[in-house]
Amino acid sequence: MREVREDEHERIYCHHELEHGLDVARIAWILCLENSVTNAQDMDADRTEREERKDRIYVAGLIHDIGRSAQYRTGEHHAIAGVRLARQILTEVGYPREWIDEVCCFIREHHGRQYRYEDKGAIGYYIERADQLSRNCFCCPAADTCKWEEAEKNRSIFR
C-alpha cells in the first residue's frame, strides 16, 4: 500500500491506497447488512457465520487494489497482479485456504467489466458495488476527464 501511495502521489484521479480499501470494506459491509434486513435467510445466519462473512468482506475490500503498484510499474492489470500478491500475503498470515480462493476471485473480478455478479447478495457484488460507491465523483475536480463511463461515476452521495 505504501508503494501505491508513492505511485499515485501526483495522480489527479481517485487514489487506491489504504483509505480507499477501508472505504470499500466499510461500504461493502453496510451493503451486506442492508441486504440482510430484506433477506430473512441471511438474518437467520448464526453469529459465527456473520463474523466470518464480515472478515472476508473486510479482507477483500482492504486489499482489492493491492496490485495497483504492479500495474503502474509493469503494465500488468492490477486485478491480476492483486490476486498473486493477495494469495502470497494471505497464505503467509495463515488465512483459511478456501477463503483465500474466494477473496482472490473477488479481487480478480472486482471491476465488473469482465463479469457481472448474478447474485446481488454475493460478497463479490458488495465489493464491486462498494468500489463504485466509494468514488466521490460528485466533488472531484477531475471527474470530467476521468476514464470511467458516465454511468459508472458516482455523481451523488446517495445512489
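Please read these numbers as outputs of a predicted model, since none were measured by experiment.

## Describing the side chain of Asp131
- Mapped onto the elements, Asp131 comes out in helix 8 (residues 123–133).
- Of the side chains with opposite charge, Arg135 lies nearest to the buried Asp131, which makes no salt bridge, at 4.3 Å.
- Polar contacts involving the side chain of Asp131 include one to the side chain of His64, which spans 3.2 Å.

## Let's talk about the packing of helix 4 (residues 47–63) against helix 7 (residues 97–108)
- Interaxial distance between helix 4 and helix 7 falls to 10 Å at its minimum, and their mutual angle equals 45 degrees. In terms of orientation, helix 4 and helix 7 fall into the oblique class. As for how helix 4 packs across helix 7, the hand of that crossing is right-handed. Across the interface between the two elements, Glu52, Asp55, Arg56, Val59, Ala60 and Ile63 from helix 4 touch Trp99, Glu102, Val103, Phe106 and Ile107 from helix 7.
- Looking at the contact of helix 4 with helix 7 residue by residue, the class counts come to 7 nonpolar, no polar and 4 charged.

Parameters and conventions
- Residues numbered from 1 in each chain as written.
- Predicted model: local features only at pLDDT ≥ 70, side-chain atom pairs only at ≥ 80, totals over all residues.
- Heavy atoms only, no water.
- Helix = DSSP H or I, 4+ residues; strand = E, 2+ residues; numbered from the N terminus.
- Buried < 20%, exposed > 50% of the residue type's maximum accessible area, 1.4 Å probe, protein only.
- Lys, Arg positive; Asp, Glu negative; His and termini not counted.
- Salt bridge = Lys/Arg side-chain N within 4 Å of Asp/Glu carboxyl O.
- Polar contact = N/O pair within 3.5 Å; in protein donor to acceptor, adjacent residues only side chain to side chain.
- Axes fitted to C-alpha atoms, helices over the stretch in contact; angles between N-to-C directions.
- Parallel < 35°, antiparallel > 145°, perpendicular 65-115°, else oblique.
- Left-handed = near helix turned anticlockwise from the far one by under 90°.
- Contact = heavy atoms within 4.5 Å.
- Nonpolar A, V, L, I, M, F, W, Y, C, P; charged D, E, K, R; others polar.

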